[in-house]
Amino acid sequence: INAFAAGSTSADAVIGVTRGCIDQFDREQLQGVIAHEFSHILNGDMRLNIRLIAILYGILFVGLIGELILHGSVYRSFNHGENRRHSYGLSRHSRGGRLALLGFAFLIIGWLGKFFGNWIKSAVSRQREYLADASAVQYTRNPDGIAGALKIIGGYEPSAQLQNVRASEMSHLFFGQVSDKLNNLFATHPPLSERIIRIDPRWDKKFIARAPIPIIDEPKSESNNSDSLGEVFTGALVAAAGATVSQSYADNQSLDAVRNRIDSVPSILDKHIHEPFGAIAVLCGLLLSKDTMTQ
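Residues numbered from 1 in each chain as written. Predicted model: local features only at pLDDT ≥ 70, side-chain atom pairs only at ≥ 80, totals over all residues. Heavy atoms only, no water.

Draft legend 1. Structural detail: helix α10 (residues 276-288). Its 13 residues place the ends of α10 18 Å apart at the C-alpha level, agreeing with the 18 Å of an ideal helix rising 1.5 Å per residue. By the burial criterion, the buried members of α10 are Gly278, Val282, Gly285 and Leu286. Down the axis of α10, the buried set is contained in an arc of 100°. They therefore lie on one face. With respect to the buried face of α10, the exposed residues turned more than 90 degrees away are Pro276, Phe277, Leu283, Leu287 and Leu288. (Helix = DSSP H or I, 4+ residues; strand = E, 2+ residues; numbered from the N terminus. Expected span 1.5 Å × (residues − 1). Buried < 20%, exposed > 50% of the residue type's maximum accessible area, 1.4 Å probe, protein only. Arc of directions from axis to C-beta.)

Draft legend 2. Looking closely at the packing of helix α5 (residues 143-155) against helix α6 (residues 192-199). Where α5 meets α6, the closest approach of the two axes is 10 Å, and the angle between their N-to-C directions is 160°. Considered as vectors, α5 and α6 are oriented roughly antiparallel to each other. The crossing of α5 and α6 is left-handed. In contact with Pro143, Ile146, Ala147, Leu150, Lys151, Ile153 and Gly154 of α5, α6 contributes Leu192, Arg195, Ile196 and Ile199. Of the residues in the contact of α5 with α6, the class split is eight nonpolar, one polar and two charged. (Axes fitted to C-alpha atoms, helices over the stretch in contact; angles between N-to-C directions. Parallel < 35°, antiparallel > 145°, perpendicular 65-115°, else oblique. Left-handed = near helix turned anticlockwise from the far one by under 90°. Contact = heavy atoms within 4.5 Å. Nonpolar A, V, L, I, M, F, W, Y, C, P; charged D, E, K, R; others polar.)

Draft legend 3. Structural detail: the pattern of salt bridges. Using the criterion set out here, one finds five salt bridges in the structure. Among the ionic pairs, arginine 128 bridges to aspartate 45, the shortest N-O distance being 2.6 Å. Taken as a pair, arginine 128 in helix α4 (residues 87-140) and aspartate 45 in helix α3 (residues 45-78) lie far apart in primary sequence, 83 residues in all. Overall, arginine 128 belongs to the partly exposed group, its relative accessible area being 26%. The exposure class of aspartate 45 is buried, given its relative accessible area of 1%. The partner of arginine 195 in a salt bridge is aspartate 133, and the shortest N-O contact between them spans 2.8 Å. In this pair, arginine 195 is assigned in helix α6 and aspartate 133 in helix α4, connecting sequence segments 62 residues apart. Connected via shared salt-bridge partners are Glu129, Asp133 and Arg195. (Salt bridge = Lys/Arg side-chain N within 4 Å of Asp/Glu carboxyl O.)

Draft legend 4. Representation of the packing of aromatic side chains in the model. Scanning the model with the defined rule gives four aromatic pairs in all. An aromatic cluster of three or more residues is present, and its members are Trp111, Phe115 and Phe116. It is arginine 195 that lies over the ring of phenylalanine 175; its NZ or CZ is 5.2 Å from the centre. The ring of tyrosine 130 has arginine 198 lying over it, and the distance from NZ or CZ to the ring centre is 3.6 Å. (Phe/Tyr/Trp six-rings, centres within 6.5 Å; stacked < 30°, edge-to-face > 60°. Lys NZ or Arg CZ within 6 Å of the ring centre and 35° of its normal.)

Draft legend 5. Expanded view of a nonpolar patch on the surface. A cluster of nonpolar side chains, namely Phe104, Ile108, Trp111, Leu112, Phe115, Phe116, Trp119, Ile120 and Leu185, defines an oily patch on the protein surface of about 880 Å² accessible area. As for its position among the elements, tryptophan 119 is in helix α4. (Patch = residues over 30% accessible without salt bridge, like charges linked within 9 Å, V, L, I, M, F, W, Y side chains within 5 Å. Areas by Shrake-Rupley, 256 points an atom, 1.4 Å probe, with all protein chains shown as cover.)

Draft legend 6. Structural context of unusual backbone geometry. For arginine 141, which is not glycine, the phi dihedral falls at a positive 60°. The residue arginine 141 is located in the loop between α4 and α5 in this model. A relative accessible area of 70% places arginine 141 in the exposed class. Although it is not a glycine, lysine 205 sits at a positive phi angle of roughly 65°.

Draft legend 7. Inspection of the nonpolar core at higher detail. Counting residues in each nonpolar core, the largest one holds 19 residues, and the members touching the most others are Ile1, Phe25, Val33, Ile153 and Phe175. When residues of this core are traced back to their parent elements, those giving at least two are α2 (27-42), α5 and α6. The leading source of residues in this core is α5, at six residues. For phenylalanine 175, the residues in contact, after removing those within four places along its chain, are Asn2, Ala3, Val33, His36, Glu37, Glu129, Ile146, Leu150, Ile153, His189 and Arg195. (Core = buried A, V, L, I, M, F, W, Y, C linked by side-chain atoms within 4.5 Å.)

Below, the structure written as structure tokens:
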């Protein structure tokens, strides 16, 4: 369960949510999360995040230069043979020692800069998260929405973590803490309990336990060779109409029937109707079909 806002300005902003948000949150909780991300956009946090990333990588680049200089000096020292260890060789050796000292200095500067840069980034990010939570309550006029979302994250088995080795570098962009390898000093998000208490002071300190919904990828049945082209296109048309009808009617039996009809669409056809040229081909097939069911 996680979300993020990306972009440099409000004109090109994009909000993304993971599948866990869609599966686990209700309408009010999802509204709270989206309002939280809207707050980051309106408060200019996206541009601030980009600047922080640029500064950190600039400091890291200093350390990388030092590392390259060190490797270069070590490589040069090992490439001098014993037959060249005379006065000229000693002068080159002393030159390599000076390069090694310079590289070591760059490496220390880069390491210290990255340490303090990450500390500043985490401190700033934690305060912006508090501001975004408060703004989400202001926008939605419903503290239970954002508070409920945080309670579910606390009781969700996979939590808000991202399975990526570079996740910690972009952790300040997300709604929840994406990595548990960071201590409190470098955590980009406040603890969930503190965020919830600021929104809901009467919280009973109990998270809402949720298990991930398993996703079963079952291959869709292919159409038989005996099926006519008109019947295949008719099935797609009925499925599309059923999907439209399902937006207007909440009857469970009707929804199940629509889902079953959509699942019966051949995978090859389902693939083509989701891209422009394939959709045009489907429409042409419907218009050219002699099947009376498509008329």
